[in-house]
Amino acid sequence: MPVVRTLRVRVDWVQFPASRPEKMKNNQIVVGSQLVSYASSEIAGEKCLLFLHGWRANKEIWQKVMSQLSVVNCQLFSLDLPGFGASPAPKMPWTVGDY
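Here the structure is a predicted model, which means the values were calculated and not measured.

Trainee: Would you explain the pattern of salt bridges in this entry?
Mentor: Two side chains bearing opposite charge may form a pair once their charged atoms approach each other closely. Using the criterion set out here, one finds two salt bridges in the structure. Of the charged contacts in the structure, one is a salt bridge between Glu60 and Lys59, with a shortest N-O distance of 3.9 Å. The buried category is assigned to Lys59, whose relative accessible area is 5%. Note that Asp80 and Lys59 form a salt bridge whose closest N and O atoms lie 2.9 Å from each other. Here Asp80 is found in strand β4 (residues 74–80), whereas its partner Lys59 is found in the loop between β3 (47–52) and α1 (63–68), with 21 residues between them in sequence. Residue Asp80 is classed as buried on the basis of its relative accessible area of 1%. Taken together, the shared-partner salt bridges in this structure form one network comprising Lys59, Glu60 and Asp80.

Trainee: Would you take a moment to explain the pairing of β3 for this structure?
Mentor: In the case of a regular strand, side chains alternate between the two sheet surfaces. Here β3 pairs with β4 via six bridges, running parallel. Residue Cys48 lies in a different strand from β4, and its bridge partner there is Gln75.

Trainee: Any chance you could explain a nonpolar patch on the surface here in plain terms?
Mentor: A grouping of Trp55, Trp94, Val96 and Tyr99 is seen on the molecular surface, where their side chains present a nonpolar patch of about 460 Å² in accessible area. One can find Trp94 in the segment after β4.

Trainee: Quick question: what am I supposed to make of the sheet that holds strand β1 (residues 25–31) here?
Mentor: Whenever strands of a sheet pair, they do so through backbone hydrogen bonds, lying parallel or antiparallel. Strand order in the open sheet made by the four strands is β1-β2-β4-β3, with mixed pairing throughout. Strand pairing shows two members of the sheet lacking a second neighbour, β1 and β3, which therefore form its edges. In this sheet, neighbouring strand axes are inclined to one another by 30° on average, regardless of whether the strands run parallel or antiparallel.

Trainee: Teacher, can you tell me more about the pairing of strand β2 (residues 34–40) here?
Mentor: Across the seven residues that make up β2, a large majority, five, are buried. Pairing analysis gives seven bridges linking β1 to β2, with the strands arranged antiparallel. Along β2, the bridge assignment pairs Asn26 with Ala39. Hairpin connection of β1 to β2: two residues between the antiparallel strands, including Gly32 at a positive phi of 65°. Relative to β4, β2 runs antiparallel, the two sharing four bridges. Bridging from a neighbouring strand, Ser40 pairs with Phe77 of β4.

Rules and cut-offs
Residues numbered from 1 in each chain as written. Predicted model: local features only at pLDDT ≥ 70, side-chain atom pairs only at ≥ 80, totals over all residues. Heavy atoms only, no water. Salt bridge = Lys/Arg side-chain N within 4 Å of Asp/Glu carboxyl O. Buried < 20%, exposed > 50% of the residue type's maximum accessible area, 1.4 Å probe, protein only. Helix = DSSP H or I, 4+ residues; strand = E, 2+ residues; numbered from the N terminus. Pairing = 2+ DSSP bridges. Patch = residues over 30% accessible without salt bridge, like charges linked within 9 Å, V, L, I, M, F, W, Y side chains within 5 Å. Areas by Shrake-Rupley, 256 points an atom, 1.4 Å probe, with all protein chains shown as cover. Axes fitted to C-alpha atoms, helices over the stretch in contact; angles between N-to-C directions.

Structure below.
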């Protein structure tokens, strides 16, 4: 007969201070020979957070989250993987493993 255990978890909600909607700066960088588009916050901190989108998405899906986190002392980055959003497709077809 299987043993059933109950796990009790206490969750404390963290409320961030009211944030002003911060516009993210859009930039581009060349990695290898591939042009990559990314957005970053203007706030610099000791740490950074990198947001990666899923398949068939782009960096814009993180805009609202990044705006809410703009009060945290971190620099925030989201990028468009090659072939998505504002990043052009690679010259040679890529597979999932290439990403």
